[in-house]
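# Observations on chain architecture
Now for the letters of each chain:
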Amino acid sequence: QVQLVESGGGLVQAGGSLRLSCAGSGRTFSSPGMGWFRQAPGKEREFVANIRWGTGSTDYAESVKGRFTISRDNAKNTVYLQMNSLKPEDTAVYYCAATNRPYYTNYVARTSGFYDYWGQGTQVTVSS
């Protein structure tokens, strides 16, 4: 069983920064790819970013490109989401997710159904 635990959420003013962490653990945690999603009240869960564990290649939603950076620490089995220039519309619960699928396209990795494991979420609130 794989467990994902997010941390780092909180309240920040517009223009500020936060760094989210997602630590993976379990019997054999070796996910080929991990992603971040977010869900605001009354809205559907949406893709934020994805990283391929082996190559480190990344993909971002247009709404966060240039402001957010996804990265990983192989030794710690941890994925990070550095969020800069935060806006009130970034307010949401942020979830990390992991997939068992070794080969995939960016297109499918933008869909929540692609992932096999999810964290419990961490709240990010950006005040104006």
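Above this text you will find the structure in question.
Residues numbered from 1 in each chain as written. Predicted model: local features only at pLDDT ≥ 70, side-chain atom pairs only at ≥ 80, totals over all residues. Heavy atoms only, no water.

Per the secondary structure count, the protein chain includes one helix and 11 strands. Starting at the N terminus, the α and β elements of the protein chain follow one another as β-β-β-β-β-β-β-β-β-α-β-β. Taken against the 2.2 N^0.38 rule, which gives 14 Å for 128 residues, the C-alpha radius of gyration of the protein chain at 14 Å falls within 12% of a compact globule. Summarising its shape, the C-alpha atoms of the protein chain cover approximately 40 × 25 × 25 Å along the three principal directions. With 128 residues in all, the protein chain has 42% of them scored as buried. Partitioning the intrachain contacts of the protein chain with sequence separation of at least 6 by distance along the chain shows that 57% fall at a separation of at least 24. (Helix = DSSP H or I, 4+ residues; strand = E, 2+ residues; numbered from the N terminus. Rg over C-alpha atoms; globule rule 2.2 N^0.38 Å. Buried < 20%, exposed > 50% of the residue type's maximum accessible area, 1.4 Å probe, protein only. Contact = heavy atoms within 4.5 Å.)

On inspection of all chains with the given rule, the structure shows one disulfide. Between the sulfur atoms of Cys22 and its disulfide mate Cys96 the distance is 2.0 Å. A torsion of 50 degrees about the S-S bond marks the disulfide between Cys22 and Cys96 as right-handed. Of this pair, Cys22 sits in strand β3 (residues 18-26) while Cys96 sits in strand β9 (residues 92-99), placing them 74 residues apart in sequence. You'll find Cys22 and Cys96 in the same group, each marked buried. (Disulfide = S-S within 2.5 Å.)

Turning to the sheet that holds strand β1 (residues 2-7), a few remarks are in order. The four strands lie next to each other as β1-β3-β8-β7, forming an open sheet whose pairing is antiparallel. Lying at the two open borders of the sheet, with one neighbouring strand each, are β1 and β7 (68-73). When strand polarity is set aside, the average angle formed by the axes of neighbouring strands in this sheet is 15 degrees. Sheet topology note: the β3/strand β8 (residues 78-83) ladder contains six bridges and is antiparallel. Looking at the pairing, Leu20 lines up with Leu81 of β8. (Pairing = 2+ DSSP bridges. Axes fitted to C-alpha atoms, helices over the stretch in contact; angles between N-to-C directions.)

One pass over the structure, following the stated rule, counts six aromatic pairs. For the ring pair Phe37 and Tyr115, a centre distance of 5.3 Å and an interplane angle of 80 degrees mean the geometry is edge-to-face. Taken together, the residues Phe37 in strand β4 (residues 33-39) and Tyr115 in the loop between α1 (106-109) and β10 (117-118) connect sequence positions 78 residues apart. A residue is classified by how much of its surface remains accessible, and Tyr115, at 5% relative accessible area, is buried. Aromatic pair Tyr115 and Trp118: ring centres 6.0 Å apart, planes at 70 degrees, arrangement edge-to-face. Here Trp118 falls in the partly exposed class, since its relative accessible area comes to 27%. (Phe/Tyr/Trp six-rings, centres within 6.5 Å; stacked < 30°, edge-to-face > 60°.)

Moving on to unusual backbone geometry. In the Ramachandran plot, Asn77 falls in the positive-phi region, its phi being about 50 degrees despite a non-glycine side chain. Here Asn77 shows up in the loop between β7 and β8. A positive phi is found at Ser85, a non-glycine position, where the angle reads about 50 degrees.

Core analysis: the largest hydrophobic core is formed by 34 residues, its most contacted members being Trp36, Leu81, Met83 and Tyr94. Looking at this core, the elements that each hand over two or more residues are β1, β3, β4, β5 (46-52), β7, β8, β9 and β11 (122-127). The biggest single contributor to this core is β9, with five residues. If near-sequence neighbours (up to four positions away) are discounted, Tyr94 is found in contact with Glu6, Leu20, Trp36, Phe37, Arg38, Val48, Phe68, Leu81, Met83, Gly121, Thr122 and Val124. (Core = buried A, V, L, I, M, F, W, Y, C linked by side-chain atoms within 4.5 Å.)

Everything listed is a geometric property; what it means functionally is a separate question.
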